[in-house]
Amino acid sequence: MSDEPQPQQPNQSGEGPTAPSTAVQETKGGEKKMKRPKRTGWRRILPTWRMLLGTFVIGILLLIGLFFLGYSMVKIPAANAFATKQSNVYLYADGSQLARDGEVNRENVTLAQVSKDAQHAVLAAEDRDFYTESAVDPKAMLRAAWNTATGKGTQSGSTITQQYVKNYYLAQEQTVTRKVKEFFISIKLDRSESKGEILEGYLNTSYFGRNAYGIQAAAQAYYGKDATDLDPARAAYLAALVNAPSEYDVVAHPENKAAAVARWNYVLDGMVKKGWLSASDRAGMKFPMPREQTASTGMSGQRGYLVEAVKSYLVKNKIVDADALEAGGYRITTTIEKDKQNAFVKAVDDKLISQLDKKNRKADTYVRAGGASVDPKTGQVVALYGGIDYVKQYTNGATRGDFQVGSTFKPFVFASAVDHDSTTQSGQTITPNTYYDGTNKRPVQGWPGGGYAPENEDEKSYGQITVRKATDLSVNAVYAQMAVDVGPSKVKQTAVDLGIPSDTKDLQPYPSIALGTATASVLDMAEAYATLANHGRHGTYSMVEKVTKDGTQEITLPKTRSRQAVSREAADTTTSILQSVVDNGTATAAQGAGRPAAGKTGTAEEDTAAWFAGYTPDLATVVSVMGQDPVTAAHKPLYGALGLDRINGGGAPTEIWAQYTKAALKGVVASAFDLDLQSGAETVAPATRSPATPGTGGQDNGGTTGGDQGNGGTTTGGDTGGTTDGSTTAGTTDGGTTDGSTTDGSTTSGTTTSGTDAGTTTSGTDSGTSTGTTDGTSTGTSTGTTSGTGDNGGPAGTTAGADGGGFGIP
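J.: What exactly am I supposed to notice about the nonpolar core here?
T.: Nonpolar side chains in soluble globular proteins tend to be buried together. In this structure, Phe-412 and Met-482 are the most contacted members of the largest nonpolar core, which totals 124 residues. Beyond its immediate sequence surroundings of up to four residues, Met-482 is in contact with Val-413, Phe-414, Ala-417, Ile-430, Tyr-436 and Val-467.

Listed below in structure tokens is the structure:
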């Protein structure tokens, strides 16, 4: 065969030569190479294997590039605001939950504060290979993204790490963008945090239904337990809830119980499979029904009042600032004792709230109440009554400071008198047995600030009356004069030392301070009375025992300090006269407590509030019933409330106090007061004395003072017992007591004998001396000097017997 090329033959159609099936291409070296035939027809649209391989390689390189690009561009963001938002948890003193506040019901805990059973249950439910697998599951993620993109339903990331990233760092929307971010953040997080840290974060951010975010909140919401106390059965149910929180709440949706129990079984079986639970323990388990959901676990009832009071205490004492509290995450153990708190609420309900008839008595719509109870030995507030319901009456009756405290302030005046060794205008030491003029509207003497003549309750006059009896009967005339005798500024300082805030409204150094014009809160008054109960030793009240942040960080509390506010003698002598108020005075209803008690009733101006402040050796408690218009919030008199003409301190407030104190101290052995009394206070003088004969300086029921008291002016109308009339002085000894010129109702001039007493009285223009035997057994000497007016319009003479029984008249 010739090597010359053969001529091409035409094809059958005559249109040209037929293309050979293969082509030979000669190379430069003369070698021949087979040429790939061209693809024709439909084969031309199919990619070659080289194209496929190239595309695949390029795709892989592109994906790797995109991965590194995404990894470098996507940063781990700050946690979203919702994820860090927590509630503050408030606990009773015994550790049981009192309340939670904040918009988000979450309390973060450490992994160590979650039981192992609870940890394993969640892993069995959501990610059994968590500790061994990578941070992401690409297959599950792609499936979730595809389902979301194609509208086939939503699906979350499958690993716990991815779910934690979604909860803590990202929003909850189901978008491809969010999924991509979730992917890269999860990978980075897995490199920067341990598995334990990620699991802890997941447990604190997962939603379990019932507005409970995190395992701790869920444990409380469903079982009233802490996460550390969860057993396998309860833990498995909570873990099952994560999959469908609302649907699997078998209390809210009993129709879904079968599905919930099936999921519960799935979790337990997973725990057995992983070796976290023995098969034998699993076999004996019964489904643990959760408790009913509380209608309101927020601020209703007393919770709101207690929470707001504790918050105020924390901020005021610079333990936690307001912004930090708002952010949440604090676990606060209060000093409130649950049994005492419940007893207080019951006492108010029984003695006050249940007696109201708001439909038929308008005055009953005004009634509010406040109460506070303090352990005098520790200063801890053990109970607080703020009102009928925080969500109905927002203002806290225990901490508000806008009602006058009335006569509950009077003990502070007497305590100040004893503490400062004060004397009357005539120079007599003030003791429980000192006689004062209890005449209604009697002008106070020795006050340079202008005339002041206080009115007694019901405008009643009492004549010459001892301090003890004046306290029993709450005689305004006596205590206004005593405040001047002590010095109103000293009285104010004593009140502050006992526990009344110095900035209390209307706590002013005037004679009226004695009548309780100040508007201290119930809690402030309880602190002050607790100081008296604690023998004059004051320690600022406390409302918290322990505060932690995020479950681990313990906040340092202020060190408790105490100091002697008034002398023990002053506090204890005050207690002795307040015991008399309970035994014989306006607070006899307090005897219902069934143990030794001391206290004082009080009424605000125009009867807008009625008070009782009292204590036993173990508990100091103050109760106030207040009147306030429910619409305008204006103070209102309590006339007609409870169907009574008026509410006074000896009524509902004292009755509440008695019932509460009896219940609160149930089981506590009743003990008597251990008192160290002022000299002379051990004896009890007659409550009142006979008035003087008219014209000799005796009382005439409300006379007014005329003339210049400082320069020999004449007092007319009988200002006080022992009033000097011009230039006459009469000092008479009657058992060691000087009473102008009157002894046991008889008038003498010169020499007077009473019983076995014998004395000589010198009458003159400026001096007189009396020496005699007191009560036939004691010898006393009395020396007085009068310049015609005295400091109080009466003699300045004094009598001091050896038995300490002689007292002057202001």
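J.: Can you walk me through the pairing of strand β9 (residues 381-385) in this structure?
T.: Looking along a regular strand, one sees side chains alternate from face to face of the sheet. For β9, a buried count of five out of five residues is recorded, marking the element as mostly surrounded by other parts of the structure. Pairing analysis gives four bridges linking strand β8 (residues 367-374) to β9, with the strands arranged antiparallel. Among the inter-strand pairings, Ala-372 is bridged to a residue of β9, identified as Leu-384. Count of turn residues in the β8/β9 antiparallel hairpin: six residues, of which Gly-379 carries a positive phi of about 80°.

J.: How should the pattern of salt bridges be read in this particular structure?
T.: A side chain of one charge can pair with a side chain of the opposite charge if their charged atoms are brought near each other. Summed over all chains, the structure comprises 24 salt bridges. Asp-350 serves as the salt-bridge partner of Lys-346, at 2.7 Å between the closest nitrogen and oxygen. Of this pair, Lys-346 and Asp-350 both sit in helix α14 (residues 338-351), four residues apart, which is roughly one turn of that helix. Among the salt bridges present, the one from Arg-568 reaches Asp-674, with a minimum N-O distance of 3.3 Å. Taken together, the positions of Arg-568 in helix α20 (residues 568-584) and Asp-674 in the loop between α21 (652-664) and β19 (688-689) put the pair 106 residues apart, joining distant regions of the chain. The exposure class of Arg-568 is partly exposed, given its relative accessible area of 31%. The network of salt bridges with shared partners includes Arg-100, Glu-107, Asp-226 and Arg-331.

J.: Please explain the sheet that holds strand β11 (residues 464-466) as it appears in this structure.
T.: Backbone-to-backbone hydrogen bonds pair the strands of a sheet. The strands run either parallel or antiparallel. Taken in spatial order, the three strands line up as β10-β11-β19 in an open sheet, and their pairing is antiparallel. In the strand order of this sheet, the two ends are held by β10 (435-437) and β19, each with one partner. Inspection of the sheet shows β10 paired to β11 by three bridges, in the antiparallel sense. In the sheet register, Asp-437 faces β11, and the bridge partner there is Gln-464. Contacting β10 and β11, helix α17 (residues 476-486) crosses the sheet at an angle of about 110° to β10.

J.: Can you walk me through a nonpolar patch on the surface in this structure?
T.: Taken together, the side chains of Leu-53, Phe-56, Val-57 and Ile-60 define a hydrophobic patch exposed on the protein surface, amounting to about 360 Å² of accessible area. Relative to the helices and strands, Ile-60 is located in helix α1 (residues 49-73). The partly exposed category is assigned to Ile-60, whose relative accessible area is 33%.

J.: Hey, could you run me through the sheet that holds strand β14 (residues 553-554) in this one?
T.: The strand order β4-β3-β7-β13-β14 describes an open sheet built from five strands, whose pairing is mixed. In this open sheet, the two strands that pair with only one neighbour each are β4 (97-101) and β14. Lying on the sheet, helix α12 (residues 303-316) is in contact with β3 (88-91), β4, β7 (330-334) and β13 (544-549); it crosses β4 at an angle near 75°.

J.: How should the packing of aromatic side chains be read in this particular structure?
T.: What describes a pair of aromatic rings is the distance from one ring centre to the other and the angle between the planes of the rings. Counted according to the given criterion, the structure contains 16 aromatic pairs. With 5.4 Å between their ring centres and 90° between their planes, Trp-264 and Phe-287 make a pair best called edge-to-face. Of this pair, Trp-264 sits in helix α10 (residues 257-273) while Phe-287 sits in the loop between α11 (279-283) and α12, and the two are 23 residues apart along the sequence. Of the two residues examined, Trp-264 and Phe-287, each falls in the buried class. Taking 5.3 Å as the distance between ring centres and 80° as the angle between the ring planes, the aromatic pair formed by Phe-612 and Trp-657 counts as edge-to-face. With a gap of 45 residues between them, Phe-612 in strand β17 (residues 609-615) and Trp-657 in helix α21 connect regions that are remote in the sequence. Across this residue pair, the class does not change: Phe-612 and Trp-657 are buried. Joined through ring pairs, the aromatic side chains of Tyr-222, Tyr-223, Tyr-237, Trp-264 and Phe-287 make up one cluster. Above the ring of Tyr-223, the side-chain terminus of Arg-234 is found at 5.4 Å from the ring centroid.

Calculation rules
- Residue numbers run consecutively from 1 along every chain, following the written order of its sequence.
- Predicted model: local features are reported for residues with pLDDT of at least 70 only, side-chain atom pairs are reported and counted for 80 or more only, and whole-chain, interface and lining totals are derived from all residues.
- Hydrogens and waters are ignored; side-chain quantities use all the structure's heavy atoms.
- In this text, buried Ala, Val, Leu, Ile, Met, Phe, Trp, Tyr and Cys residues form a nonpolar core when linked through side-chain atoms within 4.5 Å.
- Relative accessibility thresholds used throughout: buried, under 20% of the residue-type maximum; exposed, over 50%; partly exposed, between the two (1.4 Å probe, protein chains only).
- Contact between two residues is taken to exist if any of their heavy atoms lie within 4.5 Å; hydrogens are not considered.
- Helix and strand definitions here come from DSSP, where helices need a minimum of 4 consecutive H or I residues and strands a minimum of 2 consecutive E residues; each element is numbered from the N-terminal end.
- Paired strands are those between which DSSP finds at least two bridges.
- Throughout this description, the term salt bridge denotes a Lys or Arg side-chain nitrogen within 4 Å of a carboxyl oxygen of Asp or Glu.
- Note on geometry: axes are C-alpha line fits, over the in-contact stretch for helices, and angles between N-to-C directions span 0 to 180 degrees.
- Distance thresholds for patches are 9 Å for like charges and 5 Å for nonpolar side chains (Val, Leu, Ile, Met, Phe, Trp, Tyr), applied to residues having over 30% relative accessible area and no salt bridge.
- Each accessible area is a Shrake-Rupley result for a 1.4 Å probe, and residues are judged covered by the shown protein chains and nothing else.
- Stacked, tilted and edge-to-face pairs are distinguished by plane angle, under 30 degrees for stacked and over 60 for edge-to-face with tilted covering the rest, among Phe, Tyr and Trp rings (Trp via its six-membered ring) whose centres lie within 6.5 Å.
- Each ring is checked for a lysine NZ or an arginine CZ that lies within 6 Å of its centre and within 35 degrees of its normal; such an atom marks a charge sitting over the ring.

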